[in-house]
Amino acid sequence: MTRILISLLVLMSGMVHAENVLHVKAGKTVELETDQSVLSYDRLILEDDAVLRIPAQLKQLQLEAAWVEIGNNVKILAQGEDGVSGAAGENREGQAEECKAGKRGGDGEHGTPGGEAVSLVMALGIVKLGSLTVNSRGGSGGNGGAGGQGQQGGPFDKCNAQPGGDGGAGGDGGDGGNGGQVSITYRLVPGNTVSQPVNKLVVIQNGGGQGGEPGPAGQGGEGTEGKYINMRTLTGNRKWMGGGDTGQPGNVGKPGRDGVKGQALVQQDLRDRMDAVIQTQSAQVAALKDQLVAKLAEEKRQVEDAAKQAISSLELQVTALQSNMDTAASQTTVDQSITDIQSKMAQQSKRLDELSAKLEQSMQDMQSQLKALSQQMDSLDARVNSSSASAGNQ
């Protein structure tokens, strides 16, 4: 018994996981259920030429998938249902009763309106994208039914010839359904293979449905045929009596109105876009920092070289002074050597001061630039958080 329960638990856990993955094989069609308007998948895989059909009864579908692989020539079909054409009006067969006009033909029925397409809100984490067509067109309106033909006028003998019945009116065409509102927000999963802009790989068809054609007018019925009648006189002469008039044709139906095109939006997730901007800014900051560090290192090297040169020069001057003193040089020569040493020391000191000031200014400039870039990134991050909070409230 325990083994049976464990097996059932394993099977149930596998089924739950399977429900969170939708995989449509190449060339196959899968239709979603009509009782779920919000779907969330861990993985959505649509292979080449796969078709995902969305029932028109849903009206709106919210679809989220964290990992999406879409092959080539993939279709998501969410059209509205086409309207039904109206039935034709009744043709009045035969001939009316004696001395009666023909009956009017029946009116054609109106076409039913096309259904509105399913509106789609999709949030997709795209790993692979070949080409995708989303069809969310409104349904076409049904055509109006034809008007029926009028009846022939009745025979006459003791009355005037009777006209045929008028034709029936054609039915109006049904209005086309409105196109669906389609919104696709995506993020590119790290390691994705998408080589072109997503909006160039996704085609959205969400125009309004075409209005139905008007029903044609019914033809009028024929009037009673003319004939000779015997006059009720002593001579019994015959007289020709003209036939009745043909009935008037009915009115033509009105064409249906085309549906309204829906709105379409394909956009990258705001956080994903801002992350890309922040990464670019971070790379720029790192590059600038490297440049400034290299510049400071070069200026530091120049200061150190200048200091070494100053020390070396002073050492040579001191050696020369000692040599003059050892050789009992004149006081004037010694004084001149000391003056030269003092002058060169002053020059080297000025040179070192200039290089130190330049180094300090470079460090201040680097700190200012890094501070400005840091403020820009903080501002950008605050905008991202504010936009994300606004989207969440909506």
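Reading guide: rules and limits
- Going along each chain's sequence as written, the residues are numbered from 1 onward.
- Note on the predicted model: pLDDT of at least 70 is required for a residue's local features to be given, and 80 or more for side-chain atom pairs to be given and counted; whole-chain, interface and lining totals, by contrast, use all residues.
- Excluded from the side-chain calculation are hydrogens and water; included are all heavy atoms of the structure.
- Salt bridge criterion: a side-chain nitrogen from Lys or Arg within 4 Å of a carboxyl oxygen from Asp or Glu.
- The numbering of helices and of strands both runs from the N terminus, where a helix is a DSSP run of H or I of at least 4 residues and a strand a run of E of at least 2.
- A pair of Phe, Tyr and Trp rings is counted when the ring centres sit within 6.5 Å of each other, with Trp represented by its six-membered ring. The angle between the planes then sorts it: under 30 degrees is stacked, over 60 is edge-to-face, the rest tilted.
- Note on criteria: charge over ring means Lys NZ or Arg CZ within 6 Å of the ring centre, with the direction from the centre no more than 35 degrees off the ring normal.
- In this scheme, a residue with accessible area under 20% of its type's maximum is buried, one over 50% is exposed, and one in between is partly exposed, where area comes from a 1.4 Å probe on protein chains only.
- Counting rule for disulfides: a pair of cysteine sulfur atoms within 2.5 Å.
- Whether two residues are in contact is decided by their heavy atoms, any of which lying within 4.5 Å being enough.
- N or O atoms within 3.5 Å of each other form a polar contact, as long as, within protein, one can give a hydrogen and the other can take it, and as long as residues adjacent in sequence are counted only when both atoms are side-chain atoms.
- Between any two strands, at least two bridges found by DSSP are needed for them to pair.

## Considerations on the pattern of salt bridges
Turning to step 1, where the next piece is worked out: Taken as a whole and assessed by the stated rule, the structure comprises four salt bridges.
Turning to step 2, where the next piece is worked out: Between R92 and E90 there is a salt bridge; the shortest N-O distance is 3.4 Å.
Turning to step 3, where the next piece is worked out: Two residues, D175 and R257, come together in a salt bridge whose shortest N-O distance is 2.9 Å. Taken as a pair, D175 in the loop between strand 8 (132–135) and strand 9 (182–188) and R257 in the loop between strand 12 (238–241) and strand 13 (264–268) lie far apart in primary sequence, 82 residues in all.

## Focus on the packing of aromatic side chains
Turning to step 1, where the next piece is worked out: The full count for this structure, using the stated rule, is zero aromatic pairs.
Turning to step 2, where the next piece is worked out: The ring of W67 carries the charged tip of R43 above its face, separated from the ring centre by 4.6 Å.
Turning to step 3, where the next piece is worked out: Taking the ring centre of F156 as reference, the NZ or CZ of K227 above it sits at 5.1 Å.

## Observations regarding unusual backbone geometry
Turning to step 1, where the next piece is worked out: Even without glycine at this site, K59 takes up a positive phi of about 70 degrees.
Turning to step 2, where the next piece is worked out: Topologically, K59 is positioned in the loop between strand 4 (51–53) and strand 5 (60–70).
Turning to step 3, where the next piece is worked out: Overall, the relative accessible area of 51% leaves K59 in the exposed class.
Turning to step 4, where the next piece is worked out: The backbone phi angle of C99 is positive, close to 65 degrees, even though this residue is not glycine.
Turning to step 5, where the next piece is worked out: You can see C99 is positioned in the loop between strand 6 (74–77) and strand 7 (119–129).
Turning to step 6, where the next piece is worked out: Judged by relative accessible area, C99 falls into the partly exposed class, the value being 28%.

## Looking at the state of the cysteines
Turning to step 1, where the next piece is worked out: Going through the model one piece at a time under the given rule, you end up with one disulfide.
Turning to step 2, where the next piece is worked out: Put simply, C99 and C159 are joined by a disulfide, and their sulfur atoms are 2.0 Å apart. Because the torsion about its S-S bond is -95 degrees, the bridge between C99 and C159 counts as left-handed. Of this pair, C99 sits in the loop between strand 6 and strand 7 while C159 sits in the loop between strand 8 and strand 9, placing them 60 residues apart in sequence.

## Digging into the environment of Y228
Turning to step 1, where the next piece is worked out: Within the element layout of this structure, Y228 appears in strand 11 (residues 227–230).
Turning to step 2, where the next piece is worked out: Along the backbone, Y228 and R238 are 10 residues apart, and their C-alpha atoms lie at a distance of 6.1 Å.
Turning to step 3, where the next piece is worked out: In contact with Y228, not counting residues within four places along its chain, are R238, K239 and W240.

## Notes on the side chain of Q151
Turning to step 1, where the next piece is worked out: Following the sequence through the fold, Q151 ends up in the loop between strand 8 and strand 9.
Turning to step 2, where the next piece is worked out: Apart from the residues lying within four places of it in its own chain, the contact partners of Q151 are R92, E93, G94, Q95, A96, G102, K103, G164, G165, G221 and E222.

## Observations concerning the side chain of S119
Turning to step 1, where the next piece is worked out: With respect to the secondary-structure elements, S119 resides in strand 7.
Turning to step 2, where the next piece is worked out: With relative accessibility at 17%, the residue S119 sits in the buried group.
Turning to step 3, where the next piece is worked out: Polar contacts involving the side chain of S119 include one to the main-chain amide nitrogen of Q181, which spans 3.1 Å.

## Some details on the pairing of strand 8
Turning to step 1, where the next piece is worked out: Here strand 6 runs beside strand 8; their pairing, made up of four bridges, is parallel. Note on strand 8: the bridge partner recorded for K75 is T133.
Turning to step 2, where the next piece is worked out: Both strand 8 and strand 10 (residues 202–205) contribute to a ladder of four bridges, which runs parallel. When the bridges of strand 10 are listed, N135 appears paired with Q205.

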